[in-house]
Amino acid sequence: MNVEVTSRHTVLSDALRAYAATRLAEIERLGEEFPKAQIVFEQEHGLTGCEIILHPRRGDPIIAKTQAAEARAAVDASVSKIEKQVLRAKEKRDDRRKGA
């Protein structure tokens, strides 16, 4: 997975970039392949926002966006949301294949 980490209105530390990329790489354990992923951080009204965009090989991108007081909490919440969406899409696809 090619992970691109960017920021708007804030400066990111290398440790936060590495943490976000590591947390996002855990999504591949779900059995899905995403050639490209984007993580966008933004600072707004004292809160740090984290938006994750996964680009699958086929289909529409999967997007999750959260805000939290701390950047790591925002990353964790976004990864949690995106995991749920990936699992839901995988179950939906598998149900279609089974003919249910």
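Provided above is the structure to which this section pertains.
Residues numbered from 1 in each chain as written. Predicted model: local features only at pLDDT ≥ 70, side-chain atom pairs only at ≥ 80, totals over all residues. Heavy atoms only, no water.

Asks: Even after reading the chapter, I still don't get helix α1 (residues 14–25), so can you show me in this structure?
Replies: For an α-helix, the turn length of 3.6 residues means that residues three or four places apart are oriented alike. Taking 1.5 Å per residue as the helical rise, α1 with its 12 residues ought to reach 16 Å, and the 16 Å between its terminal C-alpha atoms agrees with that figure. Among all positions of α1, only Leu16, Ala20, Arg23 and Leu24 are buried. Taken around the axis of α1, the buried residues stretch over an arc of 95°, which confines them to a single face. Along α1, the residues that are exposed and aim more than 90 degrees away from the buried face are Asp14 and Thr22. Looking at the buried residues of α1, the elements they touch are β1 (2–8), β2 (36–44), β3 (47–55) and α2 (71–98). (Helix = DSSP H or I, 4+ residues; strand = E, 2+ residues; numbered from the N terminus. Expected span 1.5 Å × (residues − 1). Buried < 20%, exposed > 50% of the residue type's maximum accessible area, 1.4 Å probe, protein only. Arc of directions from axis to C-beta. Contact = heavy atoms within 4.5 Å.)

Asks: Looking at this model, I keep getting lost on the pattern of salt bridges. Mind explaining?
Replies: Should their charged atoms come close, side chains of opposite charge can pair. Within the structure shown, the criterion is met by 6 salt bridges. The residue Arg29 makes a salt bridge to Glu83 at a minimum N-O spacing of 3.2 Å. In this pair, Arg29 sits in the loop between α1 and β2 while Glu83 sits in helix α2, placing the two residues 54 residues apart along the sequence. Taking relative accessible area as the criterion, Arg29 reaches 58% and is therefore assigned exposed. A salt bridge links Glu42 to Lys65; the nearest nitrogen and oxygen atoms lie 3.3 Å apart. Within this pair, whereas Glu42 is found in strand β2, its partner Lys65 is found in strand β4 (residues 62–68), the two being separated by 23 residues in sequence. (Salt bridge = Lys/Arg side-chain N within 4 Å of Asp/Glu carboxyl O.)

Asks: Any chance you could explain the sheet that holds β4 here in plain terms?
Replies: Sheet strands pair via backbone hydrogen bonds, and the direction of the pair is either parallel or antiparallel. Within the open sheet, the 4 strands sit side by side as β1-β2-β3-β4. Their pairing is mixed. Of all strands in the sheet, those with a lone pairing partner are β1 and β4, marking the two edges. On average, each strand axis in the sheet is tilted by 15° relative to the strand beside it, whichever way the strands run. Of the pairings in the sheet, the one linking β2 to β3 comprises 9 bridges and is antiparallel in character. Bridge pairing links Glu44 to Leu47 in β3. (Pairing = 2+ DSSP bridges. Axes fitted to C-alpha atoms, helices over the stretch in contact; angles between N-to-C directions.)

Asks: Mind showing me how you'd approach the nonpolar core here?
Replies: A general tendency of soluble globular proteins is for nonpolar side chains to be buried together. With 23 residues, the main nonpolar core has Ile27, Ile39, Phe41, Ile52 and Leu54 as its most contacted residues. Those elements that provide at least two residues to this core are α1, β2, β3, β4 and α2. Residue contributions to this core peak at 6 residues, all from α2. (Core = buried A, V, L, I, M, F, W, Y, C linked by side-chain atoms within 4.5 Å.)

Asks: Would you explain unusual backbone geometry in this entry?
Replies: Among all residues except glycine, the phi angle is most often negative; among peptide bonds, the trans geometry is most common. Even without being a glycine, His9 presents a positive backbone phi close to 65°. In this fold, His9 is placed in the loop between β1 and α1. Residue His9 is classed as exposed on the basis of its relative accessible area, which comes to 71%.

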